[in-house]
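Letter by letter, the chains look like this.
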Amino acid sequence: MKHIGAINAELIEEAIANQEFLLHYQPQSCLYSGKIVGVEALSRWNSKTQGAIEPSIFINVIENSGIELIAKFHEWVIRTAFKQIVKWREMGIYIPIDINFSTRYLQERECLTLIKSLLQEYNLPPSCFGIEVTESYSITKMPDIQFVLQSLHEMGVKIALDDFCTSYSSLDYLSELSATKIKIDKRFIHRLDAESTQSRNSTGIILESIIDMAVKLGLEVVAEGVETMKQLEQVTLLGFDAYQGYLFSPPIPWYLATTMILNEMNRKPNNFLNHYSSSESFISESFLKLPAITSDICSAAA
Ligand code: G
Ligand code: MN
């Protein structure tokens, strides 16, 4: 992915209006059933003038541009994910989409109003999606985001703590943040490559105790960034509930995610063109320009 001209708030606003952003979906696979149990929505920007722009770059600009743009971008992400959920429901697919939220946005009560009104507009139940909040930022902003998180939780929205194990990693914060799911950070998962079958190394021991506590607390534990068979073997042995990562699938455009899900349901992916809106190009440019997956590191969405 390249980065030529200056990326600023104005350019991003224009890009939202010009439909240059799109969501890709990364499936999560259940380690008991082998089935896809959820997808994480990740935003991508295919700029008309600059090509594909790395998410970490535009997310950073959005985060530092003030609440107006943060809110506008979140609205675009939620709306796009909700439209996808509607499309999938029409096809008999009931897989929740997890959306990354910025802690800054969760400090705004308007965030709740928007979610409620969009659920109503698309006639969707709150359980159709989940939100992911980054562990480190959410803990420093805890008092400010607690109200929104608790209200979302009471509505039935699932809350996940993302990038777990990179900072405080205290399970005590989970209840304060109304989280019911933890996603163990990829950097931690990658260390499992060095794990030996005879004895656990420190990463294995830490994960073992986190999972033990998580199970007792009734939390779901997801492994992020699983890239090798060795990591998959270890997360299975450690008792993770689900995993996501390049080994299973990179983040992919909606129609590829749909094909994967339908295939798993033993249904032919032959009839979903009706669900396709004419404003979208089928083989989207972003697909043609999908980055080599290895260059797509740490580029979290908002
Ligand atoms: O912080 P968060 O978990 O939301 O980050 C998601 C980012 O991680 C996305 O940009 C996604 O493309 C990337 N990603 C997804 N799977 C893998 C993987 O297996 N390995 C690595 N290195 N990155 C991944
Ligand atoms: Mn995430």
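Residues numbered from 1 in each chain as written. Chains lettered and ligands numbered in written order. Predicted model: local features only at pLDDT ≥ 70, side-chain atom pairs only at ≥ 80, totals over all residues. Heavy atoms only, no water.

(A) Layout of the overall build of the protein. A count of helical and extended segments in the protein gives 13 helices and nine strands. For the protein, buried positions account for 50% of its 302 residues. (Helix = DSSP H or I, 4+ residues; strand = E, 2+ residues; numbered from the N terminus. Buried < 20%, exposed > 50% of the residue type's maximum accessible area, 1.4 Å probe, protein only.)

(B) Structural detail: unusual backbone geometry. A positive phi angle, near 55°, is found at glutamine 19, a position not held by glycine. With respect to the element layout, glutamine 19 can be found in the loop between α1 (9-17) and β1 (21-30). Positive phi values are uncommon outside glycine, yet aspartate 163 reaches one of about 55°. Mapping aspartate 163 onto the fold places it in strand β6 (residues 158-164).

(C) Main features of the environment of phenylalanine 188. For phenylalanine 188, the location among the structural elements is in helix α9 (residues 186-190). According to the relative accessible area criterion, phenylalanine 188 is buried, its value standing at 7%. The spacing of phenylalanine 188 and glycine 225 is 37 residues in sequence and 9.2 Å in space, taken between C-alpha atoms. When residues no more than four places from it in sequence are discounted, the contact partners of phenylalanine 188 are Cys165, Thr203, Ile206 and Leu207. (Contact = heavy atoms within 4.5 Å.)

(D) Spatial organisation of the confidence of the model for the protein. Confidence along the protein averages 86 in pLDDT terms, with 85% of residues attaining 70 or more. For the protein, helix α13 (residues 285-288) is the element with the lowest average pLDDT, namely 43, and strand β4 (residues 97-100) is the one with the highest, namely 98. (pLDDT = per-residue confidence, 0-100.)

(E) Helix α3 (residues 67-90), seen in detail. Relative to the 34 Å expected for 24 residues at 1.5 Å per residue, α3 spans 34 Å between its end C-alpha atoms, a close match to the ideal helical length. Just downstream of α3 lies glycine 92, where phi reads positive at about 80°. (Expected span 1.5 Å × (residues − 1).)

(F) Focus on the pairing of strand β7 (residues 181-184). Of the two faces of β7, both are covered, the one formed by Lys181 and Lys183 as well as the one formed by Ile182 and Ile184. Bridging between β6 and β7 involves three bridges; their strand directions are parallel. Looking across to β7, one finds that alanine 160 is bridged to lysine 181. Where β7 lies against strand β8 (residues 220-223), four bridges are found, and the strand directions are parallel. For isoleucine 184, the partnering residue across the bridge sits in β8 and is alanine 223. (Pairing = 2+ DSSP bridges.)

(G) Broad picture of the pattern of salt bridges. Under the criterion given, the structure shown has 10 salt bridges. Within this structure, Glu40, Glu132, Lys183 and Glu224 form a network of salt bridges that share partners. (Salt bridge = Lys/Arg side-chain N within 4 Å of Asp/Glu carboxyl O.)

(H) Focus on the coordination of the manganese ion (ligand 2). On the protein side, the manganese ion (ligand 2) has Glu40 (OE), Asn100 (OD1), Glu132 (OE) and Asp162 (OD) as donor atoms, found 2.1 to 2.4 Å from it. Mapped onto the sequence, the residues coordinating the manganese ion (ligand 2) show the spacing E-x59-N-x31-E-x29-D. Note that asparagine 100 is positioned in strand β4 and glutamate 132 in strand β5 (residues 129-134), a separation of 32 residues in sequence. Of the residues examined, glutamate 132 reaches a relative accessible area of 1% and is grouped as buried. (Donors = N, O, S within 2.8 Å, 3.2 Å for Na, K, Ca; no water.)

(I) Main features of the packing of aromatic side chains. Summed over all chains, the structure comprises 13 aromatic pairs. Consider the rings of phenylalanine 82 and phenylalanine 129, whose centres lie 5.1 Å apart with planes at 70°: the pair is edge-to-face. In this pair, phenylalanine 82 sits in helix α3 while phenylalanine 129 sits in strand β5, placing the two residues 47 residues apart along the sequence. Note on accessibility: phenylalanine 82 and phenylalanine 129 belong to one class, buried. Joined through ring pairs, the aromatic side chains of Phe21, Trp45, Phe58, Phe73 and Trp76 make up one cluster. Sitting over the face of the ring of tryptophan 254, lysine 87 holds its NZ or CZ atom 4.0 Å from the ring centroid. Across from the ring centre of phenylalanine 147, 3.7 Å away, lies the NZ or CZ of arginine 109, which sits over that ring. (Phe/Tyr/Trp six-rings, centres within 6.5 Å; stacked < 30°, edge-to-face > 60°. Lys NZ or Arg CZ within 6 Å of the ring centre and 35° of its normal.)

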